[in-house]
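The primary structure of each chain is shown beneath.
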Amino acid sequence: MFDLTGKNALVTGASGGIGGAIAEALHAAGATVALSGTREAPLQDLAVKLGERAHVVPANLADADAVAALPKVAADAMGSVDILINNAGITRDNLFMRMSDEEWSQVLDVNLTSVFQLSRAVLRGMMKARWGRIVNITSVVGATGNPGQGNYAAAKAGLVGMSKSLAYEVASRGITVNCVAPGFIETAMTDKLNDDQKSKILGQIPAGRMGQPAEIAAAVTYLASAEAGYVTGATLHVNGGMAMV
Amino acid sequence: MSDIADRVKKIVVEHLGVDEDKVAESASFIDDLGADSLDTVELVMAFEEEFGIEIPDDAAETIQTVGDAVTFIKGAV
């Protein structure tokens, strides 16, 4: 549907369920992809599956040096970074009163600060090219809050404000900055929930089911496309109606 | 005009889309040539590439006019 032929996309967290699906969808639309993540083996497996136009660029976004190096490694591998998908994220859930400074800062560092740093680094090339797409994967909990996830919700809501501010600054240069906010998606993370937890969650979702990673990837592919050039500073909620915000 | 001044002028004309005769040494990028703050960042990037130099942020802030740019670049190349 959307043609990304000739575009180069860096996807962080590509070893996870949603990130892998995003990389697959962008690749299927014709993009060259650089797959980043902490675990190299699944990235290699995905690169083999995709075949041509796929590069593996492992990086641990909790490591400041790795964050600084990643944009250049990706640009060297692909020639440029035209599309940046900030998908990587971690959780360190805990009740607010029990949350340590470390749990707070680990989540903010990886989920918010690294996105700022990666985005800043790729902007130079996008400004020169007068074309660029940044898509940040947030979460429904950034809009609704969630008990036990004060750090995660803060980081995800922070991404929304950051994206809007950056969207203002670079809109005149053909660069868009948007967010996709998944609800509950079937991944290894949600597989760990027991049946009781699952049925509770499903009760809150008008669609009556969890989402598929491919449904997040489709939203990302749209926002990365030329057709979405007039959409910027937006958050696209993909949550089966769980939160209509 | 020196070679550096000519090259700076050419970049400014191309980037800001202004008439060449407006790009005087004393012309301020923002006040006289209609640049916005992002334009000034892009001009600094263009100077860095044209002359193969690094212009640190604190130095970039002092480059307000065409003449400022020429002076800085002369000292850096």
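Read on for an overview of the structure. Computed from a prediction, not measured in an experiment: that's the story for all the values here.

1. Here's the deal with the layout of surface pockets
Working step 1: Of the volumes computed, that of the second largest pocket is approximately 1,100 Å³.
Working step 2: Taken together, 31 residues make up the lining of the second largest pocket; nearest its centre are Arg-120 of chain A together with Leu-38, Val-41, Met-45 and Asp-57 of chain B.
Working step 3: Among the elements that make up the lining of the second largest pocket, the one with the highest residue count is helix α2 (residues 37–51) of chain B (nine residues).

2. Looking at the nonpolar core
All names here are of chain A.
Working step 1: Counting residues in each nonpolar core, the largest one holds 31 residues, and the members touching the most others are Ile-22, Leu-26, Leu-35, Ile-85, Val-180 and Val-220.
Working step 2: When residues of this core are traced back to their parent elements, those giving at least two are β1 (8–11), α1 (17–28), β2 (32–35), α2 (40–50), β4 (83–86), β5 (132–137) and α9 (213–224).
Working step 3: With sequence-adjacent residues up to four places away left out, Leu-26 is seen in contact with Leu-4, Ala-9, Val-11, Ala-31, Val-33, Ile-85, Thr-221 and Ala-224.
Working step 4: Among the nonpolar cores identified, the runner-up in size contains 27 residues, and Ala-74, Val-81, Leu-123 and Ala-167 belong to it.

3. Description of a negative patch on the surface
All names here are of chain B.
Working step 1: Where like charges cluster on the molecular surface, the negative patch consists of Asp-6, Asp-19, Glu-20 and Asp-21.
Working step 2: Here Asp-21 lies in the loop between α1 (3–16) and α2.
Working step 3: Here Asp-21 falls in the exposed class, since its relative accessible area comes to 67%.

4. Thoughts on the pattern of salt bridges
Working step 1: Taken as a whole and assessed by the stated rule, the structure comprises twelve salt bridges over all chains.
Working step 2: Linking Arg-209 of chain A and Glu-215 of chain A is a salt bridge whose minimum nitrogen-to-oxygen distance equals 2.8 Å.
Working step 3: The partner of Asp-3 of chain B in a salt bridge is Arg-7 of chain B, and the shortest N-O contact between them spans 3.2 Å. A residue pair is termed a helical-turn pair when its members lie 3 or 4 positions apart in one helix, as Asp-3 of chain B and Arg-7 of chain B do in helix α1 at four residues.
Working step 4: Connected through salt bridges with shared partners, the residues Arg-130 and Arg-173 of chain A together with Asp-36, Asp-39 and Glu-42 of chain B form a single ionic network.

What counts as what
- Residues numbered from 1 in each chain as written.
- Chains lettered and ligands numbered in written order.
- Predicted model: local features only at pLDDT ≥ 70, side-chain atom pairs only at ≥ 80, totals over all residues.
- Heavy atoms only, no water.
- 1 Å grid on protein atoms, 1.4 Å probe; cavity = no way out; pocket = protein on both sides within 12 Å on 5 of 7 lines; lining within 4 Å.
- Points joined across faces, edges and corners; volume = space filled by probe spheres on them.
- Helix = DSSP H or I, 4+ residues; strand = E, 2+ residues; numbered from the N terminus.
- Core = buried A, V, L, I, M, F, W, Y, C linked by side-chain atoms within 4.5 Å.
- Buried < 20%, exposed > 50% of the residue type's maximum accessible area, 1.4 Å probe, protein only.
- Contact = heavy atoms within 4.5 Å.
- Patch = residues over 30% accessible without salt bridge, like charges linked within 9 Å, V, L, I, M, F, W, Y side chains within 5 Å.
- Areas by Shrake-Rupley, 256 points an atom, 1.4 Å probe, with all protein chains shown as cover.
- Salt bridge = Lys/Arg side-chain N within 4 Å of Asp/Glu carboxyl O.
- Lys, Arg positive; Asp, Glu negative; His and termini not counted.
- Charge placed at Lys NZ, Arg CZ, Asp CG, Glu CD.

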